[in-house]
Amino acid sequence: MAAYSPHAFMGRRFSRFDLTALALVVVFLAVFLLYPLGYVVRGAFVVDRKPTLELFRLLWDNPIFRISLGNSFAIALCVVVVSSLIGFALALPMSRYAFRGKQALSALMLAPMILPPFVGAIGVYHFLTRYGSLNLLLMRLGLINEQNPIDWLGRYRFWGVVLLESLHLYPIIYLNLMAALASVDATLEEAARNLGARGWRLFRDITFPLILPGYFAGAIIVFIWAFTDLGTPLIFGYREVAPVKIFDQVDEAESNPIGYALVLIVLLVTALVFVLSRWAARARWTATGERGGLRSRERRAAPWTAAAIWALMLGVTAVAVLPHLCVFLKSVAARWSISILPERYTADYYRLLFHHPLALSSIRFSLLLSLFSTAADLALGFLIAHYLTRRRIRGRALLELLAMLPLALPGIVLAFGYLSGFAGVPWLDPRVNPTLLLVVAYSIRRLPFTVRAAIAGFEQTSVVFEEASANLGARPLTTMRRISIPLIFPHLMAGGVLAFAFAMLEVSESLMLAFRREHYPIAKAIYTLVGRIDDGPFVASAMGILGMVFLLVCFLLAARFMGRRLGEVFRM
Amino acid sequence: MAVRVRIEHLSKRYGSTVALDDVSIEVAPGELFFLIGPSGCGKTTLLRAIAGLVEPDSGTVFFDDRNITSVPAHRRNAALVFQGYALWPHMTVAQNVEYGLRVRRWSAAERRRRVAEMLEIVHLADLAGRYPGELSGGQQQRVALARALVVRPDVLLMDEPLSNLDALLRLEMRREIVRIHRQTGITTLYVTHDQKEALSMAQRIAILNAGRIEQTGRPDACYRRPRTQFAARFLGDANFVDGTIAVLRTDGRCEVAGPLGRLLVAAEAESPGTADPSDSGGFSPGQSVVCCFRPESARVVGAAEPEAVNCFRARVLGGNYLGDTIEYDLSAADGAVPLRIRTVGSGLPIPDGSEVTLSVAPEDIVLLKPENK
């Protein structure tokens, strides 16, 4: 049967609703995505209304900035390598074998994603201080001198950050690899084996090239995430990285314009790496063969193989959970100094969460922000996906690019753009009241989740259901409400739950856009509490644990709605 | 009450593929009209263009005298029974059927009454609360039919509605659809690639090939007097014998010279639906033609019938017993002309390799133009 145009069922002409919705989407993206970025670019090149490259020269002349950029780049590369190693080690056996409890193990693989590294950093920090658990343990074992403990945090902060971020991000590599491996037809490998290729050679020549695009899709997200992560190095006290330098510029953005140049460099590196990875991963072939004829590579594992896979998975997960175990210990420790484990335990800090002014108000505020930003994401995501998949619109590719752009756009860049671009604008100036701008910032950053999920929903749902509705006389809006939305509801929910969860523990925008105590989201409250002496770090730990429990629930919900296709949300 | 559907010069292309090429048809009010042709011939595109699900590149669609070419799908009131049924999986049978009434803002009581009545007609009253996923193919088909009929559409469109059913159910549903059509009197366009379905159900058919209409007419007329070799072949087996017009006789018959000798052929004039003045009787002596006749038109004659006309010898290559009939493949004129004939199954089988004499009545032979090769 001839291919037919899927957009015709709603008519070629756009209704008033269509025009309003499209205008809304375009204006929203233009004002809150393009304008702040443009403002940063302009700020980097224009000083005192004169175009100049002076800022970049200043930047280059200042060794601190040079070193910081280098450190960030090195961190990002190392994180990609480490998380790739873990990701491959887990994905290859997982995709190859079927065994008892595989479903449960797959869910467990997502666990590190719900452990924000900046929370883990609190625990690790405690673990690694001069008289922290690790040194005390080593002293107890007689491996180091009590008078001269190892300065882990001084010497190994770089690797601490790399490790924490890798342990957080490897599931993204893993999910992308699993999705890519699932679409490798078993016959392709069998053909190679039939011709004599085995083991490493088979992987290098056949399997790896086939999954390369999927791998790059994950790796690029990991790189950008690690390159621009603000929370982890900040908590770790590792200030010689670009994101922290940008964070420090926030207070002097008015007087010292060098922040613009720094942000622009970060943006350019991100864009460059993105383009490079796209180029490296571009498909040089098109798949032959029917998708329907895909044969699974999975085979039943022998008992000892299954046991080995279980051990590997549990082992890696245990290591990944370790920092957060420290956080948990800290959140229930009544007294914990100069001892390997806490001396007494208490649930006081959890009780305190509901009385502590900062903790309580920040949880309430984050909840409010996340609810509104998620609602916006759901509405925008559904509309954008509808126009991309079901209608013929001009500038389709551009709209898709804009909607997906935030995945590759660092939060610190956007936050910096907001801070400078909306200063003095009524309702929006974050220094006066950041509520509206935080809602917008969260929703822009998480928009790709709902757009991606909704597109997957539309693509999996045949257009004939909507055609049948129009055919029976339903107006386009009725068709949307009664047919499209119910049919792609599970996908929308999965995207929405993820958007909500990530908004609740969002770090960079929360740290950079909130200035007054009553406007602190959770992340900024945790950061503030960690910096206090008294019981601050303990309350912060309790908040972190609460946040992680919350994320866990959200992930389980999302996985329930979207099942195995959850990984698609984290792909470019 | 029922609506006349008129399609004028409709064209549609997808890239370099031509789906519809200047198609014009007219469907009378209340008619059961069939669009048939091989897959990819454009029949589904034509149906979807009438429903407003495909925008034609050019041409016009009229419902009575209303030009509806640019009316969006939801304002056409031309209910479509989709090939895969397109039943909404998140709604029950009753909700699926009710939907069209709901968007037309019928009151709840009216809706309930009408849905119950409709489910009664398609014998699904006891499955109203089920979800489509819990129904068999035949049941789903009837829900799709009920969902389309319930809104009392001006035009009913059916896109291969029986293609997903097994043979037995298909026969039953054919009768069912004809019955419901008679009962409702709705102008109906029905797309199928199954010529038996078309011949047995249609009041009129249009045969499509590569986006063009080959022939339009009553099923029997199209079968007995095809206008092109494609139309002849698509509706059933046909024999083609090349020849040239030798004599045009005053009684309206003509003689055609060819490898089987001279064949006497009756005039074309009486075949309805093909009354194109430029074509009928447009043959002149010396012109190349193709003689076409159906397998069942050829008769095996014995020596006792010396007065039989259009006789020629052929050798039996093989027989194919089909129960009610027997098909024979033969070759005539020293193997130059392959033939197929059909005899009643109760007759004595003819052994392979034997020589027989065949006869075809002049009325059963149709003259066609040779196809461009």
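It should be emphasised that the depicted structure is a prediction, and the values quoted were computed from it without experimental measurement.

**Considerations on the overall build of chain B**
Line of reasoning, step 1. When you go through chain B residue by residue, the secondary structure sums to 8 helices and 20 strands.
Line of reasoning, step 2. Referenced to the eigenvectors of the C-alpha coordinate spread, the extents of chain B come out at roughly 75 × 45 × 40 Å.
Line of reasoning, step 3. Burial statistics for chain B: of 373 residues in total, 51% are counted as buried.
Line of reasoning, step 4. Sequence-distant contacts in chain B: of pairs separated by 6 or more residues, those separated by 24 or more amount to 67%.
Line of reasoning, step 5. A total of about 16600 Å² of accessible surface is found on chain B, and carbon and sulfur atoms cover 50% of it.
Line of reasoning, step 6. Distance from the positive charge centre (44 side chains) to the negative charge centre (45 side chains) of chain B: 6 Å.

**Description of the sheet that holds strand E12 (residues 254–258) of chain B**
Residue and element names in this part refer to chain B.
Line of reasoning, step 1. The 5 strands are arranged E13-E12-E11-E14-E20 in an open sheet whose pairing can be described as antiparallel. Each end of this open sheet is capped by a strand with a single partner; those strands are strand E13 (261–265) and strand E20 (366–368). On average, each strand axis in the sheet is inclined to that of its neighbour by 45 degrees, with strand direction left out of account.

**Description of the interface of chain A and chain B**
Line of reasoning, step 1. Across the boundary between the two partners, chain A contributes 28 residues, which contact 32 residues of chain B.
Line of reasoning, step 2. Surface buried jointly by chain A and chain B totals about 2600 Å² across both partners, of which 60% is contributed by carbon and sulfur atoms.
Line of reasoning, step 3. The salt bridge involving Arg48(B) is made with Glu467(A); its shortest N-O contact spans 2.5 Å.
Line of reasoning, step 4. At the junction of chain A and chain B, the tally comes to 7 residue pairs in polar contact (both at pLDDT 80 or more).
Line of reasoning, step 5. Elements that contribute at least two residues to the side of chain A that touches chain B include exactly helix H20 (464–471) and helix H21 (476–504) of chain A.
Line of reasoning, step 6. Within the side of chain A that touches chain B, the residues separate by chemical class into 16 nonpolar, 7 polar and 5 charged.

**Some words on the pattern of salt bridges**
Residues and elements named next belong to chain B.
Line of reasoning, step 1. Evaluated as defined, the whole model comprises 37 salt bridges over all chains.
Line of reasoning, step 2. The residue arginine 204 makes a salt bridge to glutamate 31 at a minimum N-O spacing of 2.7 Å. On the criterion of sequence distance, the pair formed by arginine 204 in strand E9 (residues 204–209) and glutamate 31 in the loop between strand E2 (17–27) and strand E3 (32–36) is long-range, its members being 173 residues apart.
Line of reasoning, step 3. Owing to a relative accessible area of 22%, arginine 204 belongs among the partly exposed residues under this scheme.
Line of reasoning, step 4. Salt-bridge contacts for arginine 66 lead to aspartate 154; the nearest nitrogen and oxygen are separated by 3.7 Å.

**Concerning the nonpolar core**
Across soluble globular proteins, you tend to see nonpolar side chains buried next to one another.
Line of reasoning, step 1. Leu29(A), Phe32(A), Tyr418(A), Ile444(A), Met512(A) and Met543(A) are the most contacted members of the largest nonpolar core, which has 180 residues in total.
Line of reasoning, step 2. Ranked by residues supplied to this core, first place goes to helix H8 (residues 157–182) of chain A with 15 residues.
Line of reasoning, step 3. A domain split of this core shows at least three residues from each of domain 1 (1–39 + 347–572) and domain 2 (53–346) of chain A.
Line of reasoning, step 4. If you look at the next biggest cluster of nonpolar residues, it comprises 92 residues, including Val3(B), Leu20(B), Val81(B) and Leu135(B).

**Observations regarding the domain arrangement of chain A**
Residue and element names in this part refer to chain A.
Line of reasoning, step 1. Its domain assignment divides chain A into domain 1 (1–39 + 347–572) and domain 2 (53–346).
Line of reasoning, step 2. Tallying the contact residues gives 44 residues for domain 1 and 48 residues for domain 2.
Line of reasoning, step 3. Contact between domain 1 and domain 2 buries roughly 4200 Å² in total, counting both sides, with carbon and sulfur atoms accounting for 78%.
Line of reasoning, step 4. Element by element, the count of residues in the side of domain 1 that touches domain 2 is highest for helix H24 (residues 536–562), at 11 residues.
Line of reasoning, step 5. Along the lines of polarity and charge, the residues of the side of domain 1 that touches domain 2 split into 35 nonpolar, 5 polar and 4 charged.

**Some remarks on the confidence of the model for chain A**
Residue and element names in this part refer to chain A.
Line of reasoning, step 1. Taken residue by residue, chain A gives an average pLDDT of 80. The fraction at 70 or more is 89%.
Line of reasoning, step 2. Scored below 50 in pLDDT, residues 1–6 shows 17 contacts in the model against residues more than four places distant or in partner chains.
Line of reasoning, step 3. Across residues 288–292 the pLDDT falls below 50, and counting only partners more than four positions away or on other chains, this stretch makes 0 contacts in the model.

**Details of helix H17 (residues 396–408) of chain A**
Residue and element names in this part refer to chain A.
Line of reasoning, step 1. The first and last C-alpha atoms of H17 sit 19 Å apart over 13 residues, in line with the 18 Å expected at 1.5 Å per residue.
Line of reasoning, step 2. Where H17 bends most, the angle comes to about 30 degrees, and this point is leucine 402, followed within four residues by the proline proline 406.
Line of reasoning, step 3. Those residues of H17 that fall on the buried side of the exposure criterion are Leu399, Leu402, Ala403, Met404, Pro406, Leu407 and Ala408.

How each quantity is defined
- Residues numbered from 1 in each chain as written.
- Chains lettered and ligands numbered in written order.
- Predicted model: local features only at pLDDT ≥ 70, side-chain atom pairs only at ≥ 80, totals over all residues.
- Heavy atoms only, no water.
- Helix = DSSP H or I, 4+ residues; strand = E, 2+ residues; numbered from the N terminus.
- Buried < 20%, exposed > 50% of the residue type's maximum accessible area, 1.4 Å probe, protein only.
- Contact = heavy atoms within 4.5 Å.
- Areas by Shrake-Rupley, 256 points an atom, 1.4 Å probe, with all protein chains shown as cover.
- Lys, Arg positive; Asp, Glu negative; His and termini not counted.
- Charge placed at Lys NZ, Arg CZ, Asp CG, Glu CD.
- Pairing = 2+ DSSP bridges.
- Axes fitted to C-alpha atoms, helices over the stretch in contact; angles between N-to-C directions.
- Buried area = accessible area lost by both parts, 1.4 Å probe.
- Salt bridge = Lys/Arg side-chain N within 4 Å of Asp/Glu carboxyl O.
- Polar contact = N/O pair within 3.5 Å; in protein donor to acceptor, adjacent residues only side chain to side chain.
- Nonpolar A, V, L, I, M, F, W, Y, C, P; charged D, E, K, R; others polar.
- Core = buried A, V, L, I, M, F, W, Y, C linked by side-chain atoms within 4.5 Å.
- Domains from an automatic or database assignment.
- pLDDT = per-residue confidence, 0-100.
- Expected span 1.5 Å × (residues − 1).
- Bend = angle between axes of the 7 residues up to and from the residue.

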